[in-house]
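These are the residues of each chain, in order.
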Amino acid sequence: MNTTTLTAEQAAAQSLASGIAGEALLAIERATTGFGSWATAKHLIRKATAVPIDAGAHSGLYYGAPAIAFVLHRTDADGQQRYAAEKQTLDQRVRQLARARLGIAHERQRTGAASIFSEYDLFTGLTGLGALLLHQPATDEMAQILRYVVSLTEPRRIDGMTVPGWWVDHHPDPLLPTPGGHANNGMAHGAAGLLALLAHASLRDIRVDGQTDAIGYLCAWFDQWRQEAPTGTWWPQWLTREQVRTSRPGPGPNRPSWCYGAAGIARALQLAALATGDRIRQDIAEQAIAACLTDPQLDRLTDAGICHGYAGLYQTAQRAAAVAHDPAIVQRLPALATRLTAAAPYGSNAFLTGNAGVALVTETIRAGQPPRTRWDACLLIA
C-alpha cells in the first residue's frame, strides 16, 4: 500500500468531509441534473487530484483514494462513462486497502483487544469501504468486509461483563468521556452503520454466512435500548459500561440527527425491516422518523448541516419516505425544508458540516426526488 506524504493543505483537498472532494460532489450532482456545468465539476476534480492521491492505511471513505473513488463514480449517473481508467486504478487501490485493513482487524480480534472507530466505522473504517464497494461489481473484498461486520455482532467479555463486539475502549469525543469505553449506536461510528451496511447488502442479494443472524442481533440490540417519549421514539447515542451494567441509558431524547440520532438509527432499522420482510419493525422505524420531523424534535437541531443538522435529517427522511408505508414522513418534509432554507449559512463549503452539504440537500428539495448520483450513499441511507 502506497503512503503519500502531503502537506496539510494537499491532504485537505482529498477530504470528502471538509475538502474540495466534497465540493466536487455538489458540482457533479448539479452537472448531472443540468443545473450546473461539467466544466465546473471537472475543474474541482482536478483540484482535488492535483497531487498524488493518498492510499495509505489511514485513508477511508471520507479521505484519500476511497473518497476520490467515490466522487469519480458519481460522474456516471447520466449514462456517460467518465474517468474510466482513473476509477479502475482507484478501485484496485481500495480493494488493496480493504485487504490490508481486514488483516489488521483480524489480528486485533485474535488478541482479544477492543476495536476502535478507525477500524470499523463509516468515516475511516471498514464499514465505509464496504459502503463504497457495495455499489460496484461483486468482489471477494466486499464479502470479507461483510464477514468482518458479522463478526462484530459476536458479544465479548470485559471484566466479567458482556458487551457487543463493536465495543471500543476510547471516548466518543474528548469532551464527552466514557470511562471504561462505550458501545456506539450511531450511523457514523456505531451499530446503526453496521446494520445499514448489512441490510443494504441483503437488499442487493449480497450475503455471507451469518448475515441474517447478525441483522437480527443488531435489531434486537436496538429493541433493547429503544426509549419512548411523548415526542417520539429515541435511542441513546452510545452506552457506557455503567449503563450496560444497569440497563439504564443516559438522559434523552437527543437531537434527531443523521450521525447519532433517532433519524439515522431508524433509517437503518427501516432498511433492516425491508431486508427481512418485517412489517412491524418497518412501521416502528417509520413512526420514529416521522416523529423526528415534528417541532419539538426539530427544535433540538441548531444548525443546517448534513452531520447533525437539518440537511442530514431531511436527506435521511426523504430516503425513508420513498419506501415508507407511513405518509406522515412525506407530509412533514415541507416544514423541515422551510427550516433548512431559512438557516444561516456556514463559513465553509464543507460537505459534512458546511454549505456544500446543505446545497446538495437543497438540490434534493428542488428536484423533489432522490439524487440521480446517489451521493448520499456515503451516508449509508441510500
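Each value, and the rule that gives it
Residues numbered from 1 in each chain as written. Predicted model: local features only at pLDDT ≥ 70, side-chain atom pairs only at ≥ 80, totals over all residues. Heavy atoms only, no water. UniProt positions renumbered as here; feature names shortened; annotations may be inferred. Helix = DSSP H or I, 4+ residues; strand = E, 2+ residues; numbered from the N terminus. Buried < 20%, exposed > 50% of the residue type's maximum accessible area, 1.4 Å probe, protein only. Contact = heavy atoms within 4.5 Å. Polar contact = N/O pair within 3.5 Å; in protein donor to acceptor, adjacent residues only side chain to side chain. Expected span 1.5 Å × (residues − 1). Arc of directions from axis to C-beta. Salt bridge = Lys/Arg side-chain N within 4 Å of Asp/Glu carboxyl O. Phe/Tyr/Trp six-rings, centres within 6.5 Å; stacked < 30°, edge-to-face > 60°. Lys NZ or Arg CZ within 6 Å of the ring centre and 35° of its normal.

**Digging into the UniProt feature "binding site: Zn(2+)" (unreviewed entry) in the protein**
Link 1 in the chain: On the UniProt side, "binding site: Zn(2+)" (unreviewed entry) is annotated at positions that read C259, C307 and H308 here. A compact arrangement is adopted by the annotated residues: their sequence extent is 50 residues, whereas the largest C-alpha distance between any two is 6.0 Å.
Link 2 in the chain: For C307, the location among the structural elements is in the loop between α14 (295–298) and α15 (310–321).
Link 3 in the chain: Residue class for C307 comes out buried when judged on its relative accessible area of 11%.
Link 4 in the chain: With residues near it in sequence (within four places) discarded, C307 still touches S257, W258, C259, L352 and T353.
Link 5 in the chain: Tracing the backbone shows H308 in the loop between α14 and α15.
Link 6 in the chain: Of note is the side chain of H308, whose polar atom sits 3.1 Å from the side chain of D303.

**Side note on helix α10 (residues 211–225)**
Link 1 in the chain: Here α10 is 15 residues long and its end C-alpha atoms lie 21 Å apart, about the 21 Å a rise of 1.5 Å per residue gives.
Link 2 in the chain: Among all positions of α10, only Q211, A214, I215, L218, C219, W221, F222 and W225 are buried. Down the axis of α10, the smallest arc covering the buried residues is 150 degrees, so these residues share one side. Exposed side of α10, more than 90 degrees from the buried face: T212 and D213 are the residues found there.

**Things to note about the pattern of salt bridges**
Link 1 in the chain: Taken as a whole, this structure holds 18 salt bridges when the rule is applied.
Link 2 in the chain: R207 is paired through a salt bridge with D205; the nearest N and O atoms lie 2.3 Å apart.
Link 3 in the chain: Overall, the relative accessible area of 45% leaves R207 in the partly exposed class.
Link 4 in the chain: Bridged by salt links that share partners, the residues D223, R226, E228, D278 and R281 form one connected network.

**Topic: the packing of aromatic side chains**
Link 1 in the chain: By the definition in use, this model includes 10 aromatic pairs.
Link 2 in the chain: Ring centres of F351 and W375 lie 5.8 Å apart, and the angle between their planes is 90 degrees; this geometry places the pair in the edge-to-face category. Of the two residues, F351 sits in the loop between α16 (328–342) and α17 (355–367) while W375 sits in the segment after α17, which places them 24 residues apart along the sequence. Across this residue pair, the class does not change: F351 and W375 are buried.
Link 3 in the chain: Here the basic side chain of R74 rests over the ring of F70, its NZ or CZ set 4.0 Å away from the ring centre.
Link 4 in the chain: The lysine or arginine in question, R82, covers the ring of W38, its NZ or CZ lying 3.7 Å from the ring centre.

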